[in-house]
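Chain and residue survey
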Amino acid sequence: MQLLSGFIIKEFRHILRDRKTLLLLFGLPIAMLLIFGFAIRYEVNEAEVAILDKSKDEITQQIIRKIDASSEMTVTRHLLSESMIDEVFLSGDIKEVIVFEEDFMRSLERGNVVTVEVITDASEPNMAGLLQQYTNKIITSWDRENDVRVVSSNRMVSSSARMFFNPDLESVNYFVPGLIAVILMLVSTQMTSLSIAREKESGSMEVLLVSPLKPYHIIIGKVIPYFLLSLINVYSVLLMAYFVFGVPFEGSILFFTVISLLFIFVALALGLLISTRTETQRTAIMLSMVINMLPTIILSGFVFPIDSMPWILQLLSNVVPAKWYLIVVRGSMLVGSGLEYLWMESAILLGMTLFFVTVGIKNFNDRLE
Amino acid sequence: MRTILFLVQKEFLQIFRDKIMLMVIFVIPMIQLIILSHAATFELKKAPFHLVDFDQTVTSQRLVNTFTATDVFDIRNASSSTDRGIEDILGNRVIMTIVIPEGFEKDLGLGGAPEIQLLINAINANRAELARSYSESVLANFSRKIIPEIEYVNTSSKKTGRIQIIPSNRYNPELDYIIYMVPGIIVVLTTLLGLLLSVLNIVREKEIGTAEQMNVTPIKKYQFIAGKLIPAWVLVMTVISIGFLVALWVFDVPFRGNMSIVYFTAAVYLVGVLGLGLFISTQADTQQQSMHIIFFIFMVFMLLGGIFTPLESMPLWAQKSTLVNPIAYFGQIVRMVLLKGSGWGDLYLHIFALIVMAIIMVTAAVISYDKRAG
């Protein structure tokens, strides 16, 4: 026991001695959360729209002004002919062209059906879909206000929607918890992925091996210091989310802390596993970044909703630890659900921890023999 | 020149003898490209909902059928208690609970406009909004179909004009996300590889001590940097090419434009990326430091570069930041050329920006590499 604690203290000193690295370790998660928290939204912001107005009358002007005034779109060009549409799309800035037909107002007053063509640059499909929706909303709201439209029956089944947990549909509330999961996962894995590879590279591994330390001592000694330091990261990002971004925290701090520690342990153990498998720091870093980065960002539900993925990817997403943690973070922050709702996620994280630690130690043992 | 060749040869040997390294460079990225490109979609598909039907009539059943007939919603659970529906939302089992009030059919028959209630799980604001707007269009469809059937013929309808919106989506009428994501993931993966290969390189030699040996040789600074840059450049260009073949054969991404534009910009872009990596490598003390720094830079470039989320969804200051973001330029160029067929004339500003960045980064790397400091 004394042996182990001595080793842990030594590891701690190693980490604390390198001030620059320490600064990066604690500074970067905060910097990332700040930058991404403020910069990434799901709402569209002033997308550039061009107008081809063949009528140029009062009504088309009114609609164009309405579109320009919306926060989602801004009218930056007026086109003269159809042939210019491709041209503006090809050079990239314009995302949508709205075409009003000739004699728009007069035709409308005569009681005809007039058309507005909404053409989007669907090489960005996501954007195109959203812009269609926004434009549609603006034009329909215009014609409702002006009562030009009488359908054969304007009676309709309507709906009233009640939004649970996030009534103002703030995307920041959705995004920040995801960011926490992704940042903690990636940073924690990186920390330990170097630990053993570094000893191998610098030759000090041999020294450790001839010491009376048991293999599992070495593993535990490598993980514990980073584990404790990671706690600082957990709380710094949580406090930022709450105070800087105003994300609510409905759940229990204790539950959140316990699950966060479990999650960090999974990440650290994964890093350690990578470290035992690689001979040099370079390979360890590349392996941990390449293997971890995109799956964590894409398959965790951070950007893309898992429910809309093909089933095989939904299946695959189950092995991504950040997916489970993300559910817990969102649950604790926005819903206030505790263990009674999130026991499965918690159990899975526990299982993953046990798995990685066992495989890590076994791997390490095998290497020694 | 021969000096550089020897250095290049040495770097290649170092990489090719490490099996895990080869896997990291060639195999894992391609597997990820093939798998992860499918993940990126924002549509709702078979989103589970909970049904609370207090009406239990033929008409309410028809309304439910209209919901399930779309590919968007899928009934997961049904009960006769709103609380049970809310519980399903709390447990994250459904995205929405639909409550049809008692007397729904009767109300419709009497000429009323009954209201149904949608309880939506809005943790994901984006999906909640989608679920609501899809539901509204389902209700509109339903109304259009069913109301004329039960209504007395309305004879007094006067002729009034109305506006019809015709939507059309250029270049990708089906709004297929995969052909949009594949080029983006190629850009991200190759950038990550390029940055890692370069950023770990010089600092590694410093850490192991071989940098000192290099410093006492008559090798010039630019030769040293070139010896580091060329092998990584060749490797990553190979990975990019394989990526494009996968895009063409596996994903049927349309190659509408001129591939020479893509290759030219890829070549320039990579020089800049590797230059940036080498520059940081000369500045860092340990591989660990260089890893943390490059991780940060990469995340910022990637997440603010319009690869996963549209540039227009960022506030204006962040949109402006793309002026100095190489991933944003390269990502746009690749997507515009492949998906739209944009040409040199459309892209010269983007390409010019990448050339400037490449020159600055490589110069910085050469200057900052100090042979005396080691």
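Definitions and limits used
- Residues numbered from 1 in each chain as written.
- Chains lettered and ligands numbered in written order.
- Predicted model: local features only at pLDDT ≥ 70, side-chain atom pairs only at ≥ 80, totals over all residues.
- Helix = DSSP H or I, 4+ residues; strand = E, 2+ residues; numbered from the N terminus.
- Rg over C-alpha atoms; globule rule 2.2 N^0.38 Å.
- Contact = placed C-beta atoms within 7 Å.
- Nonpolar A, V, L, I, M, F, W, Y, C, P; charged D, E, K, R; others polar.
- pLDDT = per-residue confidence, 0-100.
- Axes fitted to C-alpha atoms, helices over the stretch in contact; angles between N-to-C directions.
- Parallel < 35°, antiparallel > 145°, perpendicular 65-115°, else oblique.
- Left-handed = near helix turned anticlockwise from the far one by under 90°.
- Core = buried A, V, L, I, M, F, W, Y, C linked by C-beta atoms within 7 Å.
- Buried ≥ 20, exposed ≤ 12 C-beta atoms within 10 Å, placed from the backbone.
- Expected span 1.5 Å × (residues − 1).
- Bend = angle between axes of the 7 residues up to and from the residue.
- Domains from an automatic or database assignment.
- Pairing = 2+ DSSP bridges.

1. Here's the deal with the overall build of chain A
Check the secondary structure of chain A and you find 15 helices and five strands. Scaling as 2.2 N^0.38, a compact globule of 369 residues should have a C-alpha radius of gyration of about 21 Å, whereas chain A reaches 28 Å, well beyond that. Viewed in the frame of its principal axes, chain A has a C-alpha envelope of about 95 × 45 × 40 Å. Intrachain contacts of chain A at a sequence separation of at least 6 include 79% that bridge at least 24 residues.

2. Focus: the overall build of chain B
Broken down by element type, chain B carries 15 helices and five strands. In summary, chain B has a C-alpha radius of gyration of 29 Å against a globular reference of 21 Å for 374 residues, an excess of more than 25%. Seen along its three principal axes, the alpha-carbon backbone of chain B occupies a region of about 95 × 45 × 40 Å.

3. Remarks on the interface of chain A and chain B
The partner chain B presents 106 residues to the 104 residues of chain A that form the contact. When residues of the side of chain A that touches chain B are assigned to their parent elements, the largest contribution, 13 residues, is made by helix H12 (residues 281–299) of chain A. Taken together, the residues of the side of chain A that touches chain B sort by class into 58 nonpolar, 27 polar and 19 charged.

4. Quick word on the confidence of the model for chain A
Per-residue confidence for chain A averages 84 on the pLDDT scale, and 92% of its residues sit at or above 70. Overall, residues 149–155 of chain A carries pLDDT values under 50, and its contacts beyond four positions in sequence, including any with other chains, amount to 12 contacts.

5. Description of the environment of Val319(A)
If you trace the backbone, Val319(A) turns up in the loop between helix H13 (311–317) and helix H14 (321–335). Separated by 217 residues in sequence, Val319(A) and Glu102(A) have C-alpha atoms that sit 57 Å apart.

6. Observations concerning the packing of H12(A) against helix H7 (residues 178–199) of chain B
Between H12(A) and H7(B), whose axes approach to 11 Å, the crossing angle comes to 160°. As the angle between them shows, H12(A) and H7(B) are arranged roughly antiparallel. Where H12(A) crosses over H7(B), the two elements pack in a sense that is right-handed. The residues of H7(B) that touch H12(A), namely those facing Ile285(A), Met286(A), Met289(A), Val290(A), Met293(A) and Leu294(A), are Val188(B), Leu192(B) and Leu196(B). Its residues assigned to classes, the contact of H12(A) with H7(B) shows nine nonpolar, no polar and no charged.

7. As for the nonpolar core
Counting 217 residues, the largest nonpolar core has Ala181(A), Ile183(A), Val266(A), Leu192(B) and Leu196(B) as the members making the most contacts within it. The element that contributes the greatest number of residues to this core is H7(B), accounting for 15 residues. Residues within four places of Leu192(B) in sequence aside, it is in contact with Met289(A), Val290(A), Met293(A) and Phe298(B).

8. Remarks on H12(A)
Residues and elements named next belong to chain A. Relative to the 27 Å expected for 19 residues at 1.5 Å per residue, H12 spans 27 Å between its end C-alpha atoms, a close match to the ideal helical length. Along H12, the sharpest change in direction is near 25° and occurs at Asn292; proline Pro295 comes one to four residues later. The element H12 is largely enclosed, with a buried count of 18 among its 19 residues. Of the residues one or two after H12, Gly301 is the one with positive phi, at around 90°.

9. A look at the confidence of the model for chain B
If pLDDT is low for a region, its predicted coordinates should not be looked at in detail. Residue and element names in this part refer to chain B. Looking at chain B, pLDDT values average 86 and 93% of them are 70 or higher. Within chain B, the element-level pLDDT minimum falls on helix H6 (residues 125–150), averaging 74, and the maximum on helix H11 (residues 259–283), averaging 95. Per-residue pLDDT stays below 50 along residues 152–159; that stretch engages in four contacts with residues further than four places along the chain or on separate chains. As scored by the predictor, the complex reaches a pTM of 0.84 and an ipTM of 0.86.

10. Quick look at the domain arrangement of chain B
With domains assigned, chain B is organised as domain 1 (2–40 + 180–368) and domain 2 (47–150). Between the C-alpha centres of domain 1 of chain B and domain 2 of chain B the distance comes to 49 Å.

11. Comments concerning the pairing of strand E3 (residues 96–100) of chain A
Looking along a regular strand, one sees the side chains alternate between the two faces of the sheet. Residues and elements named next belong to chain A. With four of five residues buried, E3 lies mostly within the body of the structure. Relative to E3, strand E1 (residues 47–53) is paired through five bridges, and the arrangement is parallel. Bridging from a neighbouring strand, Ala50 pairs with Val97 of E3.

12. As for the environment of Gly301(A)
Residue and element names in this part refer to chain A. Examined against the element boundaries, Gly301 turns out to sit in the loop between H12 and H13. C-alpha of Gly301 to C-alpha of Ala322: the two residues are 21 residues apart in sequence and 8.6 Å apart in space. Those residues within four positions of Gly301 in sequence are excluded, and the remaining contacts are Ile306, Lys323 and Leu326.

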